[in-house]
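Okay, here's what each chain looks like letter by letter:
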Amino acid sequence: MSSATTVLQSEQTKDRAITLRNRARLGANKNLLFWYRELYRDQFKDFSNPAALSILEVGSGTSPLKQFLLNVVTSDVLDLDYLDLVFDCHEIDKLDAIRDNSLDVITLTNVLHHLKSPIAFLNRSASKLKSRVKVIATEPFFSLLSTVIFKYLHHEAVDFRISEPELSHVEGPLASANIALPWLIFCRRPEWLQRLSDNFDVTSFSVRPFSALSYMATGGISHRMPVPGFLYRMLFRADLSISRRFPSVCAAFFTVTLTRR
């Protein structure tokens, strides 16, 4: 066994342990679960009956989506026994378990910024989607407020100076990241977005801000803030409204929706 293979297996073992720990922490954090529930409602708000759709979620290791939509097919690159599929999403076009032109939605939450090449993944995913249906992805948004938080208080890398829309160095599914990458593609670098135009309608894609400080107020995965649930739910509504009224000042996440040609 080569040293590179040994290192990769070690990274995957570590990432599996971290994912299981994070999944347990998320499930125990009621305010964080509420934040995710509201996010999923927002992601699928344009569908009259999401429960009737054929949905693939990419990067389901920690995600609670299946708690709210039982019909979701879960997947991840990590081999976890509660997943429906285990595969490298960069090779989704080669995946026989999902027929071509069969999916209504592919959804990802805080996953694109971990991918070696998010544009390559999105283009390859198109073969599995029906015509005129959606990819829905939620990622960090860089406003005046959130830039300070993500750059100086968050553990994942932020690099605005990249010359190509991909990760220059890959260690493991969790360790590898540039949380600025999706924001750059969809909000700042139209020439990168144009690379999706063969498979997606990039003239009518939507970017919708989602929340400002309400994720941080839950404590996130790593901590739990002592905010009573009833108070958190009240503050969440105001936080969501403010993030959409003043996105460049305070929005912390955004949801992009791409339509398959």
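Provided above is the structure to which this section pertains.
First, a word on what this report is: a plain description of the structure on this page. (Residues numbered from 1 in each chain as written. Predicted model: local features only at pLDDT ≥ 70, side-chain atom pairs only at ≥ 80, totals over all residues. Heavy atoms only, no water.)

### Digging into helix 5 (residues 144-152)
Taken as a whole, helix 5 has its buried residues at Ser-146, Ile-149 and Phe-150. Down the axis of helix 5, the smallest arc covering the buried residues is 90°, so these residues share one side. Residues of helix 5 that are exposed and angled more than 90 degrees away from the buried face: Leu-144 and Tyr-152. For helix 5, the elements touching its buried residues are strand 5 (129-140), helix 8 (214-217) and strand 7 (253-259). (Buried < 20%, exposed > 50% of the residue type's maximum accessible area, 1.4 Å probe, protein only. Helix = DSSP H or I, 4+ residues; strand = E, 2+ residues; numbered from the N terminus. Arc of directions from axis to C-beta. Contact = heavy atoms within 4.5 Å.)

### Observations regarding the environment of Asp-198
Residue position: Asp-198 is located in the loop between helix 7 (190-193) and strand 6 (206-209). A sequence separation of 63 residues divides Asp-198 from Arg-261, and the C-alpha atoms of the two residues are 7.8 Å apart.

### Topic: the sheet that holds strand 4 (residues 103-109)
As summarised here, the arrangement of the 7 strands in space is 3-2-1-4-5-7-6, forming an open sheet in which the pairing is mixed. If you trace the sheet from one side to the other, it starts and ends with strand 3 (85-86) and strand 6, each paired once. Inspection of the sheet shows strand 2 (residues 72-76) paired to strand 3 by 2 bridges, in the parallel sense. Across the sheet, residue Ser-75 finds its bridge partner in strand 3, namely Leu-85. Its contacts with the sheet put helix 2 (residues 30-43) on strand 4, strand 5, strand 6 and strand 7, and the angle it makes with strand 4 is roughly 145°. (Pairing = 2+ DSSP bridges. Axes fitted to C-alpha atoms, helices over the stretch in contact; angles between N-to-C directions.)

### Brief notes about the environment of Asp-88
Looking at the secondary structure, you find Asp-88 in the loop between strand 3 and strand 4. On a C-alpha basis, the gap between Asp-88 and Leu-115 in space is 9.8 Å, while along the polypeptide they are 27 residues apart. A polar contact is formed between the side chain of Asp-88 and the backbone nitrogen of His-90, at a distance of 2.9 Å. (Polar contact = N/O pair within 3.5 Å; in protein donor to acceptor, adjacent residues only side chain to side chain.)

### Topic: the pattern of salt bridges
For the coordinates displayed, the defined rule picks out 12 salt bridges. Its salt-bridge partner being Arg-189, residue Glu-191 comes within 2.5 Å of it at the nearest N-O pair. Connected through shared salt-bridge partners, Arg-37, Glu-38, Arg-41 and Arg-237 make up one network. (Salt bridge = Lys/Arg side-chain N within 4 Å of Asp/Glu carboxyl O.)

### Some thoughts on the packing of helix 2 against helix 9 (residues 229-245)
When two helices pack together, you describe them by how their axes are tilted relative to each other and by the distance separating the axes. Put simply, helix 2 and helix 9 touch, their axes get as near as 11 Å, and they point 40° apart. Taken together, the axes of helix 2 and helix 9 are oblique relative to one another. The two elements helix 2 and helix 9 meet at a crossing, and its hand is right-handed. Mapping the contact onto sequence places Asn-31, Phe-34, Trp-35, Glu-38 and Asp-42 in helix 2 and Gly-229, Tyr-232, Arg-233, Phe-236, Arg-237 and Arg-244 in helix 9. A breakdown of the residues in the contact of helix 2 with helix 9 according to their chemical character gives 4 nonpolar, 2 polar and 5 charged. (Parallel < 35°, antiparallel > 145°, perpendicular 65-115°, else oblique. Left-handed = near helix turned anticlockwise from the far one by under 90°. Nonpolar A, V, L, I, M, F, W, Y, C, P; charged D, E, K, R; others polar.)

### What about helix 9?
Between its terminal C-alpha atoms helix 9 stretches 24 Å, which fits the 24 Å expected from 17 residues at 1.5 Å a residue. On the buried face of helix 9, the contacting elements are helix 2, strand 6, helix 8 and helix 10 (247-250). (Expected span 1.5 Å × (residues − 1).)

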